[in-house]
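Reading the structure
Residue-level listing of the chains:
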Amino acid sequence: MLTADIPPNQSIYIQNINEKINKEELKRSLYCLFSNFGRILDVIALKTPKLRGQAWVVFTEVTAASNAVRQMQNFPFYDKPMRIQYAKSKSDCVTKAEGTFVTREKKIKQEEKVERKRQAGESQQPNSYNGAATQNGRPVPSGQDTMPPNNILFIQNLPVETTSMMLQLLFKQYPGFKEIRMIEAKPGIAFVEYEDDVQSSIAMEALQGFKITPQNPMVVSFAKK
DNA sequence: AGCACA
(Lines give C-alpha, C1' and ligand atoms only; values in the text may rest on other atoms or scores of the structure.)
Protein backbone atom coordinates (compact mmCIF):
# COMPACT_ATOMS: atom_id res chain seq x y z
CA MET A 1 0.00 0.00 0.00
CA LEU A 2 1.53 3.24 -1.13
CA THR A 3 1.44 6.07 1.33
CA ALA A 4 0.27 8.30 -1.51
CA ASP A 5 -3.03 6.42 -1.47
CA ILE A 6 -4.03 8.06 1.76
CA PRO A 7 -5.84 11.34 1.23
CA PRO A 8 -4.60 14.47 3.00
CA ASN A 9 -5.63 14.73 6.60
CA GLN A 10 -4.91 17.32 9.25
CA SER A 11 -3.59 14.46 11.39
CA ILE A 12 -0.34 12.72 10.58
CA TYR A 13 0.60 9.17 11.44
CA ILE A 14 4.21 8.56 12.41
CA GLN A 15 5.91 5.21 12.66
CA ASN A 16 9.36 3.79 13.25
CA ILE A 17 9.65 5.73 16.49
CA ASN A 18 12.25 4.59 18.98
CA GLU A 19 10.24 2.47 21.42
CA LYS A 20 12.55 3.12 24.34
CA ILE A 21 11.37 6.68 24.77
CA ASN A 22 8.86 7.10 27.50
CA LYS A 23 5.42 8.23 26.47
CA GLU A 24 5.28 11.65 28.04
CA GLU A 25 8.70 12.65 26.81
CA LEU A 26 7.81 11.35 23.38
CA LYS A 27 4.68 13.45 23.23
CA ARG A 28 6.53 16.55 24.38
CA SER A 29 9.25 16.03 21.81
CA LEU A 30 6.79 15.47 19.01
CA TYR A 31 4.93 18.55 20.06
CA CYS A 32 8.09 20.64 19.99
CA LEU A 33 9.29 19.28 16.71
CA PHE A 34 6.02 19.64 14.84
CA SER A 35 4.82 22.92 16.29
CA ASN A 36 7.07 24.53 13.71
CA PHE A 37 4.53 23.62 11.06
CA GLY A 38 1.41 25.02 12.64
CA ARG A 39 -0.83 24.89 15.62
CA ILE A 40 -1.18 21.44 17.15
CA LEU A 41 -4.44 20.27 18.67
CA ASP A 42 -3.27 16.98 20.08
CA VAL A 43 -0.50 14.41 20.14
CA ILE A 44 -1.43 10.76 20.66
CA ALA A 45 1.01 8.02 21.60
CA LEU A 46 0.23 4.68 23.21
CA LYS A 47 2.62 2.03 24.43
CA THR A 48 0.30 -0.93 23.89
CA PRO A 49 1.90 -3.83 21.98
CA LYS A 50 0.03 -2.92 18.85
CA LEU A 51 0.69 0.80 19.03
CA ARG A 52 4.16 1.35 20.37
CA GLY A 53 6.57 2.97 17.98
CA GLN A 54 3.76 5.01 16.46
CA ALA A 55 2.13 8.34 17.14
CA TRP A 56 -0.34 10.84 15.76
CA VAL A 57 0.01 14.58 15.61
CA VAL A 58 -3.16 16.55 14.98
CA PHE A 59 -2.84 19.95 13.35
CA THR A 60 -5.52 22.59 12.95
CA GLU A 61 -4.69 22.86 9.25
CA VAL A 62 -4.24 20.25 6.54
CA THR A 63 -1.51 22.41 4.97
CA ALA A 64 0.52 22.17 8.16
CA ALA A 65 0.17 18.39 8.06
CA SER A 66 1.25 18.33 4.41
CA ASN A 67 4.37 20.34 5.13
CA ALA A 68 5.16 18.11 8.08
CA VAL A 69 4.77 14.93 6.02
CA ARG A 70 7.16 16.23 3.39
CA GLN A 71 9.71 18.10 5.43
CA MET A 72 10.04 15.77 8.38
CA GLN A 73 10.05 12.57 6.34
CA ASN A 74 12.96 10.41 7.57
CA PHE A 75 13.93 13.00 10.16
CA PRO A 76 16.33 11.26 12.60
CA PHE A 77 14.26 11.25 15.75
CA TYR A 78 15.95 9.55 18.70
CA ASP A 79 18.25 7.87 16.19
CA LYS A 80 15.51 6.44 14.00
CA PRO A 81 14.19 7.96 10.79
CA MET A 82 10.56 8.95 11.14
CA ARG A 83 8.13 7.49 8.64
CA ILE A 84 5.25 9.88 8.22
CA GLN A 85 1.93 9.56 6.41
CA TYR A 86 -1.44 11.19 6.65
CA ALA A 87 -3.62 9.49 9.22
CA LYS A 88 -6.31 7.23 7.79
CA SER A 89 -9.13 8.79 9.74
CA LYS A 90 -10.01 11.92 11.60
CA SER A 91 -8.81 12.25 15.15
CA ASP A 92 -11.35 12.28 17.92
CA CYS A 93 -10.49 15.82 18.91
CA VAL A 94 -11.39 16.89 15.39
CA THR A 95 -14.71 15.08 15.14
CA LYS A 96 -15.55 16.29 18.59
CA ALA A 97 -14.95 19.85 17.47
CA GLU A 98 -17.07 19.24 14.38
CA GLY A 99 -19.79 17.62 16.42
CA THR A 100 -19.54 14.40 14.39
CA PHE A 101 -17.81 12.35 17.03
CA VAL A 102 -19.27 8.88 17.57
CA THR A 103 -18.17 6.62 20.35
CA ARG A 104 -16.46 3.42 19.31
CA GLU A 105 -18.36 0.17 19.86
CA LYS A 106 -16.19 -1.02 22.68
CA LYS A 107 -16.89 2.14 24.62
CA ILE A 108 -20.64 1.99 24.28
CA LYS A 109 -20.86 1.06 27.92
CA GLN A 110 -19.60 4.49 28.79
CA GLU A 111 -22.23 6.48 26.94
CA GLU A 112 -23.35 8.16 30.13
CA LYS A 113 -20.00 9.80 30.58
CA VAL A 114 -20.06 11.00 27.00
CA GLU A 115 -23.42 12.62 27.69
CA ARG A 116 -22.00 14.43 30.65
CA LYS A 117 -19.13 15.68 28.53
CA ARG A 118 -21.54 16.86 25.85
CA GLN A 119 -23.42 18.88 28.40
CA ALA A 120 -20.23 20.58 29.44
CA GLY A 121 -20.64 22.06 25.96
CA GLU A 122 -17.03 22.61 25.14
CA SER A 123 -16.78 23.69 21.51
CA GLN A 124 -13.17 22.66 21.49
CA GLN A 125 -10.55 21.90 24.07
CA PRO A 126 -7.23 22.25 22.26
CA ASN A 127 -3.96 20.75 23.26
CA SER A 128 -3.50 19.36 26.71
CA TYR A 129 -0.01 20.72 27.18
CA ASN A 130 0.99 23.03 29.95
CA GLY A 131 4.18 24.57 28.67
CA ALA A 132 3.12 24.63 25.04
CA ALA A 133 4.13 27.21 22.46
CA THR A 134 0.63 28.57 22.32
CA GLN A 135 -1.20 31.00 24.51
CA ASN A 136 -4.97 31.08 24.19
CA GLY A 137 -4.47 29.19 20.98
CA ARG A 138 -2.18 31.79 19.48
CA PRO A 139 1.35 30.84 18.58
CA VAL A 140 3.96 32.70 20.55
CA PRO A 141 5.40 35.28 18.16
CA SER A 142 8.96 34.20 17.74
CA GLY A 143 9.66 34.39 14.04
CA GLN A 144 11.22 30.93 13.69
CA ASP A 145 8.32 29.30 11.97
CA THR A 146 10.16 28.99 8.69
CA MET A 147 13.47 27.75 10.06
CA PRO A 148 14.03 23.99 9.98
CA PRO A 149 15.02 22.25 13.21
CA ASN A 150 18.64 22.67 14.23
CA ASN A 151 20.60 21.56 17.27
CA ILE A 152 21.77 25.17 17.61
CA LEU A 153 19.37 27.78 18.92
CA PHE A 154 19.48 31.46 18.09
CA ILE A 155 18.46 33.75 20.97
CA GLN A 156 17.36 37.33 20.41
CA ASN A 157 16.07 40.25 22.43
CA LEU A 158 18.38 39.68 25.36
CA PRO A 159 19.16 42.64 27.59
CA VAL A 160 22.59 43.96 26.65
CA GLU A 161 23.99 43.13 30.07
CA THR A 162 23.30 39.41 29.65
CA THR A 163 26.34 37.23 30.23
CA SER A 164 26.96 33.72 29.01
CA MET A 165 26.97 32.58 32.65
CA MET A 166 23.41 33.79 33.00
CA LEU A 167 22.31 32.01 29.87
CA GLN A 168 24.13 28.86 30.88
CA LEU A 169 22.17 28.81 34.12
CA LEU A 170 18.96 28.82 32.12
CA PHE A 171 19.81 26.53 29.25
CA LYS A 172 21.85 23.89 31.02
CA GLN A 173 18.71 22.70 32.80
CA TYR A 174 17.64 20.97 29.61
CA PRO A 175 19.20 17.68 28.53
CA GLY A 176 21.78 17.66 25.78
CA PHE A 177 23.11 21.14 26.57
CA LYS A 178 26.59 21.74 25.16
CA GLU A 179 27.52 25.41 25.12
CA ILE A 180 26.60 29.06 24.89
CA ARG A 181 28.25 31.29 22.34
CA MET A 182 28.01 35.06 22.46
CA ILE A 183 29.58 37.60 20.17
CA GLU A 184 31.12 40.66 21.84
CA ALA A 185 30.37 42.85 18.87
CA LYS A 186 26.70 41.86 18.84
CA PRO A 187 24.98 42.38 22.17
CA GLY A 188 21.47 41.04 22.65
CA ILE A 189 21.93 37.76 20.85
CA ALA A 190 23.43 34.36 21.59
CA PHE A 191 23.75 30.88 20.21
CA VAL A 192 23.05 27.83 22.33
CA GLU A 193 24.14 24.42 21.20
CA TYR A 194 22.55 21.09 22.10
CA GLU A 195 23.43 17.53 21.18
CA ASP A 196 20.56 17.23 18.75
CA ASP A 197 17.47 18.88 17.33
CA VAL A 198 15.07 17.18 19.67
CA GLN A 199 16.81 18.46 22.74
CA SER A 200 17.21 21.96 21.34
CA SER A 201 13.49 21.96 20.50
CA ILE A 202 12.59 21.09 24.05
CA ALA A 203 14.76 23.88 25.44
CA MET A 204 13.30 26.29 22.90
CA GLU A 205 9.80 25.43 23.95
CA ALA A 206 10.62 25.75 27.62
CA LEU A 207 12.45 29.07 27.46
CA GLN A 208 10.57 30.79 24.68
CA GLY A 209 9.60 34.23 25.95
CA PHE A 210 11.54 33.86 29.18
CA LYS A 211 12.16 37.30 30.67
CA ILE A 212 15.60 38.09 32.03
CA THR A 213 14.22 41.58 32.60
CA PRO A 214 10.54 42.50 32.32
CA GLN A 215 11.26 44.33 29.08
CA ASN A 216 13.10 41.47 27.41
CA PRO A 217 11.13 38.34 26.61
CA MET A 218 13.70 36.20 24.84
CA VAL A 219 12.98 35.11 21.31
CA VAL A 220 14.31 31.65 20.60
CA SER A 221 14.52 30.19 17.12
CA PHE A 222 16.56 27.57 15.34
CA ALA A 223 19.83 28.94 14.01
CA LYS A 224 20.32 29.01 10.28
CA LYS A 225 22.23 26.02 9.01
C1' DA B 1 4.91 -3.86 10.33
C1' DG B 2 1.54 -2.32 13.32
C1' DC B 3 -4.08 3.65 12.12
C1' DA B 4 -5.97 5.54 17.87
C1' DC B 5 -7.87 8.76 20.77
C1' DA B 6 -6.27 5.59 28.89
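On a predicted model such as this, the values are computed, not experimentally measured, just so you know. (Residues numbered from 1 in each chain as written. Chains lettered and ligands numbered in written order. Predicted model: local features only at pLDDT ≥ 70, side-chain atom pairs only at ≥ 80, totals over all residues. Heavy atoms only, no water.)

Counting buried residues in strand β11 (residues 190-194) gives four out of five residues, a clear majority hidden from the surface. Bridge analysis of strand β9 (residues 152-156) against β11 gives four bridges, and the strand direction is antiparallel. Across the sheet, residue Ile155 finds its bridge partner in β11, namely Ala190. For strand β10 (residues 177-181) and β11, the ladder comprises four bridges, and the chain directions are antiparallel. Considered in β11, the bridge of Phe177 is made with Tyr194. (Buried < 20%, exposed > 50% of the residue type's maximum accessible area, 1.4 Å probe, protein only. Helix = DSSP H or I, 4+ residues; strand = E, 2+ residues; numbered from the N terminus. Pairing = 2+ DSSP bridges.)

Time to look at the protein's contact with DNA strand B. Close contacts around DNA strand B come from 22 residues, with Gln15, Leu46, Arg52, Lys90 and Asp92 the closest. Among all atoms of DNA strand B positioned within 4 Å of the protein, those belonging to sugar or phosphate total 24%. The contact in question runs from a base nitrogen of DNA strand B to an N or O atom on the side chain of Gln15, over 2.6 Å. Measuring from a base nitrogen of DNA strand B, one finds a backbone N or O atom of Arg52 at 2.9 Å. Among the secondary structure elements, those contributing two or more residues to the surface near DNA strand B are β1 (11-15) and β6 (83-86). (Near = heavy atom within 4 Å. Polar contact = N/O pair within 3.5 Å; in protein donor to acceptor, adjacent residues only side chain to side chain.)

Strand order in the open sheet formed by four strands is β2-β3-β1-β6, with antiparallel pairing between adjacent strands. Each having just a single partner strand, β2 (40-44) and β6 make up the two edges of the open sheet. Neighbour-to-neighbour, the strand axes of this sheet turn through a mean angle of 20°, independent of strand direction. Across four bridges, β1 lies against β6 in antiparallel orientation. Directly across from Gln15, in β6, lies its bridge partner Arg83. Here helix α1 (residues 23-34) sits on the sheet and contacts β1, β2, β3 (55-59) and β6; the angle it forms with β2, its principal contact strand, is near 145°. Helix α2 (residues 62-71) rests against β1, β3 and β6 of the sheet, and its axis sits at about 150° to β6. (Axes fitted to C-alpha atoms, helices over the stretch in contact; angles between N-to-C directions. Contact = heavy atoms within 4.5 Å.)

Let's shift gears to the packing of α1 against helix α6 (residues 197-207). Packing of α1 against α6 leaves a shortest axis separation of 9 Å and a crossing angle of 85°. With respect to α6, the axis of α1 lies roughly perpendicular. Of α6, the residues touching α1 (which contributes Ser29, Tyr31, Cys32 and Leu33) are Asp197, Val198, Ser201, Ile202 and Glu205. Its residues placed into classes, the contact of α1 with α6 shows five nonpolar, two polar and two charged. (Parallel < 35°, antiparallel > 145°, perpendicular 65-115°, else oblique. Nonpolar A, V, L, I, M, F, W, Y, C, P; charged D, E, K, R; others polar.)

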